[in-house]
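Coordinate analysis (summary)
Below are the chains, spelled out letter by letter.
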Amino acid sequence: MKVSEIHRIKCGNGNCYIIENGTNGILVDTGKKEFIDNVLESCKRYSVKLIVLTHAHFDHAENAARISDSMGIPIAMNENDRNLISSNTNQSLSAATIPGKIVLAASLREFSVRTMPEFKPDILLRDGDTLSNYEIDAQIIGLPGHTDGSIGIDVEHKHLIVGDALMNMFYPTVSMLYHNRKEMTESAGKISGMGKRTIYFGHGKPVSNRKWR
């Protein structure tokens, strides 16, 4: 397979990514509705053939239905986040730190007023699945904790897109928000154990992998 590149699409305080190999591209997350034009234009530039959602919170999935319909491409995600499509409040969130509680309060306010266009995922991804059908050398990594169905994408054993399993909003850390704290901690340890990688967050700039606490 051709070597892949990772392109970061900044969407306010969040990120989407395109993994592309010069022929095919995969969009990872879709951003908030305010950034739909930017994301769509990037998809066309890189010949995107698939949407992969790291999880189904609206700031990562709000544009999934529209992009899928506009471009005629499938949506892939983990089954355990399907209940978030109808309402992001279907999986409770908690925070332990002061910055996390600030982010949690803002998130819950938006959860209460935003309605995400519903969609039915075309592909259900599990830990260990590959994206080889799209000629991308990447593997799905199960990273539950932030949500039940949170996943990451390990690209060529060099680049790891983690969604919100880790965050870099104020500083690089394990997710400040969690549905299941034990699973979140285990997922952070799983990432640490993957060794040398560049970590691409759902929020914040990429950093090198490290021991996540």
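Presented here is an overview of the structure given in this document. (Residues numbered from 1 in each chain as written. Predicted model: local features only at pLDDT ≥ 70, side-chain atom pairs only at ≥ 80, totals over all residues. Heavy atoms only, no water.)

Structural notes on the overall build of the protein chain
Scanning the protein chain from N- to C-terminus turns up six helices and 13 strands. In summary, the protein chain has a C-alpha radius of gyration of 16 Å against a globular reference of 17 Å for 213 residues, a match within 12%. If you line up the protein chain on its principal axes, its C-alpha atoms span 45 × 40 × 25 Å. Counting only residues that meet the buried cut, the protein chain has 55% of its 213 residues in that class. Of the contacts formed within the protein chain by residues at least 6 apart in sequence, a portion of 63% connects residues at least 24 apart. Positive and negative charge centroids in the protein chain, built from 25 and 24 side chains respectively, lie 7 Å apart. (Helix = DSSP H or I, 4+ residues; strand = E, 2+ residues; numbered from the N terminus. Rg over C-alpha atoms; globule rule 2.2 N^0.38 Å. Buried < 20%, exposed > 50% of the residue type's maximum accessible area, 1.4 Å probe, protein only. Contact = heavy atoms within 4.5 Å. Lys, Arg positive; Asp, Glu negative; His and termini not counted. Charge placed at Lys NZ, Arg CZ, Asp CG, Glu CD.)

Points about the nonpolar core
Counting 33 residues, the largest nonpolar core has L27, V39, L53, I67 and F119 as the members making the most contacts within it. The biggest single contributor to this core is helix α1 (residues 36–45), with four residues. In this structure, F119 is in contact with L53, A61, A64, A65, I75, M77 and I85, ignoring residues within four places of it in sequence. V52, I151, I161 and Y200 belong to the second-largest nonpolar core, a separate cluster that totals 19 residues. (Core = buried A, V, L, I, M, F, W, Y, C linked by side-chain atoms within 4.5 Å.)

Examining the pairing of strand β4 (residues 48–52)
Of all five residues that make up β4, four are buried, and the element is covered over most of its length. Where strand β3 (residues 25–28) lies against β4, four bridges are found, and the strand directions are parallel. Across the sheet, residue L27 finds its bridge partner in β4, namely I51. Taken together, β3, α1 and β4 form a β-α-β motif whose crossover is right-handed. Judged from the two bridges that link them, β4 and strand β5 (residues 75–77) form a sheet pairing that is parallel. (Pairing = 2+ DSSP bridges. Right-handed = clockwise from strand over helix to strand, strands pointing away.)

A short note on helix α3 (residues 64–71)
When α3 is considered as a whole, its buried residues turn out to be A64, A65, I67 and S68. Just beyond α3, the residue with positive phi is G72, at close to 65°.

Things to note about the sheet that holds strand β8 (residues 151–155)
As summarised here, the arrangement of the five strands in space is β7-β8-β9-β12-β13, forming an open sheet in which the pairing is mixed. Of all strands in the sheet, those bounded by a partner on one side alone are β7 (138–142) and β13 (207–208). Inspection of the sheet shows β7 paired to β8 by five bridges, in the antiparallel sense. Looking at β8, one finds that Q139 is bridged to D154.

Some thoughts on unusual backbone geometry
A positive phi angle is found at D29, which is not glycine, with a value near 70°. If you trace the backbone, D29 turns up in the loop between β3 and α1. Taking relative accessible area as the criterion, D29 reaches 2% and is therefore assigned buried. The residue E135 is not glycine, and still its phi comes out positive at about 60°.

By themselves, these are just geometric observations and shouldn't be taken as functional.
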